[in-house]
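The lines below spell out each chain.
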Protein chains: 2
Amino acid sequence: MKIILDRRSNQPVYLQIRDRISQLIDCGSLPSGARLPSIRGLAEMAQVNKLTIVEAYGVLEADGLVEAKPGAGYFVNPPELRISALASQRLGAVPALRSQFAPIQEVIIPEHGVKTFADVYTAGLQAHQQPGMVNFASGFPQASELDELARITRRAMKSLEPWFGNSFPAGDWELRSQIAQLLLHQGLNLSPEDLMITNGSMDALSLVLQTHIQPGDWVVVESPTFHGFLSQLRQAKARVIGIPMTAEGMNLELLAQYLQSHRPKLIYTISTLHNPTGITTSLAHRQQLFALAEAYDCLILEDNAYEPLNFETTPAPIKALDRSHRVMYVCTFSKSLMPGLRLGYLVATGDQQTAFLERKLLQDFHTSTISQAIVKECLACGYYRHHLKHIRSLYQQKRDHMLNALTQYMPPEISWTVPEGGIFLWLQLPAHCDVQGICKAAAAQQVLPGAGPAFFPDQKGYPALRLSFSLPPEDIEQGIKILAKLLTN
Amino acid sequence: MKIILDRRSNQPVYLQIRDRISQLIDCGSLPSGARLPSIRGLAEMAQVNKLTIVEAYGVLEADGLVEAKPGAGYFVNPPELRISALASQRLGAVPALRSQFAPIQEVIIPEHGVKTFADVYTAGLQAHQQPGMVNFASGFPQASELDELARITRRAMKSLEPWFGNSFPAGDWELRSQIAQLLLHQGLNLSPEDLMITNGSMDALSLVLQTHIQPGDWVVVESPTFHGFLSQLRQAKARVIGIPMTAEGMNLELLAQYLQSHRPKLIYTISTLHNPTGITTSLAHRQQLFALAEAYDCLILEDNAYEPLNFETTPAPIKALDRSHRVMYVCTFSKSLMPGLRLGYLVATGDQQTAFLERKLLQDFHTSTISQAIVKECLACGYYRHHLKHIRSLYQQKRDHMLNALTQYMPPEISWTVPEGGIFLWLQLPAHCDVQGICKAAAAQQVLPGAGPAFFPDQKGYPALRLSFSLPPEDIEQGIKILAKLLTN
């Protein structure tokens, strides 16, 4: 196999490799079932870093062109699988299912801490209460059915002990067993002891920082990433390295460089339905990221708050690869059930469990017994499964609606991600765009996009918007039209 | 008035002064309505510190012998008031209503941090689940009526917005207004803005330490004090000064000394129904403590978790004296409603509010919406008032039952406090007692006292036990009998 690279091209190297292999598959040079060259072999041949090949293979895998067989390598998929993966795109049902997202790869090490998350959060809540606003900025999910929930709560109250007292800091044992069962379906084999119930995922993230991070420690984040965590890092007085996202996840080549040069204590990653881009990484990407953390003895904090909102099955979390208790996994019922419950959990294995339990105890003893009882009953009676099935299909329709609107109205220089779940996508704007100006002009027309800068470690990054598609179709249509007009001028 | 002091006596000086004035009142030298000498005047005359006089007058006030008139001084009460205050004791209905508690006054500055609170907490929960145990060690209140609570919860669910989302970090506005109303009856005039809803009082204490205390800062606590806070201080890497409790509250003379010598950042005090002694301080003591904090520019953290369980009205919290935003006041519904809800609040005024709100947001966004809705409904429908009235009278009977049993069975060298509310009292044992040995021997007979050492900054202190009277009368009777036997041997 011969791959010629244009090192001066704007197209990243890994995408050039992907395109070349894709061509070879299309023209039959790489037939169905053929084994791709080994990562090391191809890296030597093309004179690139191994991680670049991992990323290229990751895209091919995500596109359904090849399959990774653990321990054996990468194999070309039969044509019917390839067609199925790209079906919607080829049939024109959903345009641009294959993301054109290819942002500049610039590492960000902010000199000063980021601005307060409180302003963004408060503005978001206020916007939510304003009638007539098309609120693309919200990170909130679809509402649950309150009638059904009231019935569930009544049953939950009956399940409480007559003496409704304090509980152990780790949370209710039965609830933790139920969650361990849920996680088994995601490829995580855990015992209830490995789980601690927290006040949403925010509490879990906060406990991890308080337990592991000292002022001055280096922490790697994806750039862009969840802005709430950026503010938590600032509060913990950590120093931040923002490694850019590619269309396949954190840029692993740059990650390797900075692991080597800065020896960070922790990598914060959102491997599934990344916030704000919506990207889900491949198994290969997860393996490589984990191998790097092992090589540099770095902890991983995997924050998959949106994981329950997957449209399709995804690779198991990075935590599933972990035999050295290096990965902490965080998830929540805030996005899949309701935020107001404040019910999430932290998966931590090994010796550190004691430290987490003591810290939770000293923070607030334990999470609300009644919130725990309600989620327990939601899981026991099948409501959770039923509700998830419903909202996943709803969100998929809404996503398709937004993709259609974007394709129809947006000028060609704008690209976006195509998330396989969750409630938002990421719009990359041309380099000259004034994001704050556009947000202001949009707000004057009752449209609120999520301003991209908030998600970058330096509060700048490249021009971008996060758009929630958890809105009525007519709002999506109208809002995108208005944004497109502003972006065309 | 002539007061002769014996400086070599074991009896603290302030108690010698109290006894002398008490004699003068009894024999009619100080008639009803007479004004006591000014604090400064008597201090000069007796050649003692002004704070010693404040303490002596505080005991006289607590005993009902004199009354403090703000700005005017101290006046001898008419005999009927004196009799009413000491009635139960004199009439023999409740023996020893006047506490004989007079512990040694030894400041404790622990060299190493205290042992983990987690062990004590976990052992307490486990004991609670053991049938047949007389559990004097528990800090848990009486159970609420779950049926009534289920009805309240159903109504609370109906009050939620159809969209049951995140809320502002300070918590529900209506709930904060209701609590501000409650506090008005306690003498605290606040606006809802001054209140932040937290996950029980533990969360509030934790937020205060995270916001105000740097590693190495000196913090004053009462000795003994709430052991959970001692562990929080250790986690915050604060240095601790344990100022001994007198029968009237923290020893103010020693406090003044250590404020001068160590310049602490914060005084942690439980002014009403102190944990573990059950002591409530007088208005004069509060004024003096506040004046000292002002003089040395020190913050005050007033943690009155048991305040709602007062049998009688008590002086307004220290927070009520505060015009300089130096006092933070913490309370909770854990003791008055149910611990599992995790619903408490922090009162903070002035500039620091923003810092607290941001910290709460970054910790866990906000307290469970459903816990907030339940408490709101409990307050709105009158259940809370009704429930409090019920448990206060219940606890008073239980306390009297325990005081009777103590008087009947305990050997004379044992003294105890006589709390005017709450759910426990404090037993002072002779100096030679082996507390851990007694606790072990008691456990072998199915009786669990709260071991005193846990409440001291050095995990030692003087020999003592904390005894909860929130138990069935027959358990109190049987448990005290067993303890008395062990303490007599």
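Below or above, wherever it landed, is the structure these notes cover. Predicted model, so just to flag it, every value in this text is computed and none were measured.

## Some remarks on the sheet that holds strand S10 (residues 327-332) of chain A
Residues and elements named next belong to chain A. Spatial ordering of the open sheet is given by S4-S11-S10-S9-S8-S5-S6-S7, a layout of 8 strands whose pairing is mixed. For this open sheet the edge positions go to strand S4 (195-198) and strand S7 (249-250), each flanked by a neighbour on one side alone. By the bridge criterion, 2 bridges tie strand S6 (residues 239-246) to S7 in an arrangement that is antiparallel. For Met245, the partnering residue across the bridge sits in S7 and is Met250.

## Let's talk about unusual backbone geometry
The residue after Ser223 of chain A, namely Pro224 of chain A, is reached through a cis peptide bond having omega 10°. Position of Pro224 of chain A relative to the elements: it lies in the loop between strand S5 (218-223) and helix H9 (227-235). Along the chain, Asn275 of chain B connects to Pro276 of chain B via a cis peptide bond; the corresponding omega equals 15°. Its place among the elements puts Pro276 of chain B in the loop between strand S8 (266-269) and helix H11 (283-295). Here Gln47 of chain A, not a glycine, exhibits a phi torsion of approximately 60°, which is positive.

## What to know about the environment of Ile3 of chain A
Residue and element names in this part refer to chain A. Checked against the element boundaries, Ile3 lands in the segment before helix H1 (13-26). Overall, the relative accessible area of 9% leaves Ile3 in the buried class. Ile3 sits 39 residues away from Leu42 along the chain, and the two C-alpha atoms are 9.1 Å apart. Each residue touching Ile3, except ones within four places of it in the same chain, is listed here: Ile17, Arg20, Ile21, Leu42 and Met45.

## Some thoughts on the side chain of Glu302 of chain A
All names here are of chain A. Within the secondary structure layout, Glu302 lies in strand S9 (residues 299-303). The buried charged residue Glu302 lacks any salt bridge, with Arg286 as its nearest oppositely charged partner at 4.4 Å. Within the structure, Glu302 has its side chain in polar contact with the side chain of Ser271 (distance 2.7 Å). A polar side-chain atom of Glu302 sits 3.1 Å from the main-chain amide nitrogen of Lys319. Setting aside its immediate chain neighbours within four residues, Glu302 contacts Thr269, Ser271, Arg286, Pro317, Ile318, Lys319, Val327, Met328, Tyr329 and Val330.

## Some points on the pattern of salt bridges
Residues and elements named next belong to chain A. Taken as a whole, this structure holds 24 salt bridges over all chains when the rule is applied. Here Lys319 ties to Asp322 by a salt bridge, and the two come within 2.9 Å at their closest N and O atoms. You'll find Lys319 and Asp322 in the same group, each marked buried. In the salt-bridge network here, residues are joined through shared partners; they are Asp203, Lys360 and Asp364.

## Thoughts on helix H2 (residues 39-46) of chain A
Residue and element names in this part refer to chain A. Among the residues of H2, those classed as buried are Leu42, Ala43 and Ala46. What you see down the axis of H2 is that its buried residues fit within an arc of 105°, all on one side. Along H2, the residues that are exposed and aim more than 90 degrees away from the buried face are Arg40 and Glu44. Close packing links the buried residues of H2 with H1 and helix H3 (50-62). Positive backbone phi, at 60°, marks Gln47, one or two positions downstream of H2.

## Focus on the packing of aromatic side chains
The description of two aromatic rings rests on the distance between their centres and on the angle between their planes. Enumeration over the complete set of coordinates arrives at 26 aromatic pairs over all chains. Here the aromatic rings of Trp426 of chain A and Phe455 of chain A are separated by 5.9 Å at their centres, their planes lie at 90°, and the arrangement is edge-to-face. With Trp426 of chain A in strand S13 (residues 424-428) and Phe455 of chain A in the loop between strand S15 (450-451) and strand S16 (464-468), this residue pair connects regions lying 29 residues apart in the sequence. Here a set of aromatic residues connected by ring pairs shows up, and it is made of Phe117, Tyr121 and Phe226 of chain A together with Phe365 of chain B. The ring centre of Phe424 of chain A lies 4.1 Å from the NZ or CZ of Arg466 of chain A, which sits over that ring. Above the face of the Phe75 of chain B ring, Lys69 of chain B is positioned so that its terminal group lies 4.8 Å from the ring centre.

## Some words on the interface of chain A and chain B
At the interface, 59 residues of chain A touch 59 residues of chain B. Here chain A and chain B share an interface that buries about 5100 Å² over both sides, 64% of which is from carbon and sulfur atoms. Our count for the contact surface shared by chain A and chain B stands at 2 salt bridges. With its nearest N and O atoms 3.7 Å apart, the salt bridge here joins Arg234 of chain B to Glu358 of chain A. Remark: the boundary between chain A and chain B carries 16 residue pairs in polar contact (both at pLDDT 80 or more). When residues of the side of chain A that touches chain B are traced back to their parent elements, those giving at least two are helix H5 (117-128), helix H6 (146-159), helix H8 (200-212), H9, helix H12 (352-364) and helix H13 (369-380) of chain A. Ranked by the residues each element gives to the side of chain A that touches chain B, the list is headed by H5 of chain A, at 7 residues. Taken together, the residues that form the side of chain A that touches chain B break down as 27 nonpolar, 24 polar and 8 charged.

Analysis parameters
Residues numbered from 1 in each chain as written. Chains lettered and ligands numbered in written order. Predicted model: local features only at pLDDT ≥ 70, side-chain atom pairs only at ≥ 80, totals over all residues. Heavy atoms only, no water. Pairing = 2+ DSSP bridges. Helix = DSSP H or I, 4+ residues; strand = E, 2+ residues; numbered from the N terminus. Buried < 20%, exposed > 50% of the residue type's maximum accessible area, 1.4 Å probe, protein only. Contact = heavy atoms within 4.5 Å. Lys, Arg positive; Asp, Glu negative; His and termini not counted. Salt bridge = Lys/Arg side-chain N within 4 Å of Asp/Glu carboxyl O. Polar contact = N/O pair within 3.5 Å; in protein donor to acceptor, adjacent residues only side chain to side chain. Arc of directions from axis to C-beta. Phe/Tyr/Trp six-rings, centres within 6.5 Å; stacked < 30°, edge-to-face > 60°. Lys NZ or Arg CZ within 6 Å of the ring centre and 35° of its normal. Buried area = accessible area lost by both parts, 1.4 Å probe. Nonpolar A, V, L, I, M, F, W, Y, C, P; charged D, E, K, R; others polar.

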